[in-house]
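Residue-level structure breakdown
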Amino acid sequence: MQKPNILVVDDSALVRFLIRKLLKTMGANIEEASNGKEGLNRVLDKSFDLVITDVEMPVMSGLEFCRAFKRVATCSAIPVVMVSNFDSEQDIRRGFEAGVEAYVSKSEVNTQLLRTVQGVLSKATFRRERTILVVDNSPSIRHILEEGLIQSGFRVIAAENGNFALAAMNENRPDLVLSDIDMPEMDGFELCRAIKSDRRFSSIPFVAMSTSKERGRMKGMIEHGAASYIIKPFNLDHLVILVEKLLSDHVALLLKDRKRLERERQLMLGGITSLISALEARDAYTRGHSEAVADILSGMVALTGAGPAEVETAHMAGRLHDIGKIGVPDGILLKPGSLTGDEFNEIKKHPVTGKNILDSIPSLSEIIPIVHFHHERWDGKGYPMGLKGEEIPLWVRFTAVADTYHALVSDRPYRKGMPE
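Keep in mind the model is a prediction, meaning the values are calculated, not measured.

Cut-offs used in this document
Residues numbered from 1 in each chain as written. Predicted model: local features only at pLDDT ≥ 70, side-chain atom pairs only at ≥ 80, totals over all residues. Heavy atoms only, no water. Pairing = 2+ DSSP bridges. Helix = DSSP H or I, 4+ residues; strand = E, 2+ residues; numbered from the N terminus. Axes fitted to C-alpha atoms, helices over the stretch in contact; angles between N-to-C directions. Contact = heavy atoms within 4.5 Å. Salt bridge = Lys/Arg side-chain N within 4 Å of Asp/Glu carboxyl O. Buried < 20%, exposed > 50% of the residue type's maximum accessible area, 1.4 Å probe, protein only. pLDDT = per-residue confidence, 0-100.

1. Points about the sheet that holds strand 6 (residues 131-135)
- With parallel pairing, the five strands of this open sheet are ordered in space as 7-6-8-9-10. The open sheet has two free edges, formed respectively by strand 7 (155-159) and strand 10 (228-231), since each of these has just one partner strand. Pairs of neighbouring strands in the sheet enclose a mean axial angle of 20°, with direction left out of account.
- With five bridges connecting them, strand 6 and strand 7 associate as parallel partners. Bridging from a neighbouring strand, I132 pairs with V156 of strand 7.
- Each of strand 6, strand 7, strand 8 (176-180) and strand 9 (206-210) is contacted by helix 6 (residues 139-151), which is oriented at about 170° to strand 7, the strand it contacts most.

As structure tokens, this is what we get:
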């Protein structure tokens, strides 16, 4: 994360100094203002990730300052932490009504401020990275919802019915759908059913809105896959809390599922690479070939400036590139002399066999083209598809170079390895 830009607004230079000192460990860029009016000019002139403000200040109070910049569209999503000695329930309520995100008493600044600021910034980042699709045939309701969600920090796209919503989702995948039920052309029931039956979107939380309080209708939407049902008119703050809760729960489930899939993937890869090692161990001349190709290939990819994840994927691809040889009979695979035409045709099946083995593993989809096409040639005389030139994916060409190079410098039953 980049260093956050924070504005501290307080009429006490000592308090501003203390806050700057407390936030030093964050490495934040901190600017100061001595009253609300000065703070307002700063906020309107420059982009900030967070504002920390006192309540009682000369010229313009913290509450007036907060209300003023929250009315400006470009500033409305900036979160505010209020730091004050006025910490009665009424004072705190007035702060929240003005758009304050969190409140810290000056008596607890030393112990609470840093943690509070980090939490508010984390929540703001979470909201900023989430897109909400609002679907309602009423322009006024769409506008109210858009404005409220944008002020809370979310990205928002809108559609007037289910058909337009599905078209919008194909352009920009949302993280949550907030939809009315009664709409022309395609209503909320149909939209929810369409989303939940589409593998690309089925995991997206769907929140239904309606003026109807009928229990059967609510139950019907939940059975269609809706995560929640809210009745109009509703409190916008309550809606934002619900949206944030659903998104947080959804992200937590995705992370849990991702960890499970990664564990399963590692176990599966362990089994596959063991098979390759067993395959190569039968022949002293090819022992370690896949690991060597993996090292060469990942080294080449690293030289392009690729990130760690891409380099790791390339290494895995190198290890698995010859997995299809599991399907080649030993009499052919381990033959010490030259192969007949028929025997070579059997060998040439191994890229397709490898592809078929990995096809059932979605997490290895990036690797499959490498396994499938690593014997294609630039002149079109390779196999299995006879791809030519740039029809061959770039990483596949890298793999072909690594594979050929290691084969050339390695000893074979019918020849000595070439010098490097």
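2. Here's the deal with the pattern of salt bridges
- The final tally for this structure, using the stated rule, is 16 salt bridges.
- Put simply, R127 and E101 hold a salt bridge, and the shortest N to O gap is 3.8 Å. Taken together, the residues span a long stretch of sequence, with R127 in helix 5 (residues 109-128) and E101 in the loop between helix 4 (89-97) and strand 5 (102-105) at a distance of 26 residues.
- Looking at E101, the relative accessible area reads 27%, which means it is partly exposed.
- Taken together, the salt bridges that share partners define one network made up of E31, E38, R42 and K46.

3. What to know about the confidence of the model for the protein
- The share of residues in the protein with pLDDT of 70 or more is 89%, and the mean pLDDT across the chain is 83.
- Taking the mean pLDDT of every element in the protein, the minimum, 67, falls on helix 10 (residues 236-281) and the maximum, 94, on helix 16 (residues 368-373).

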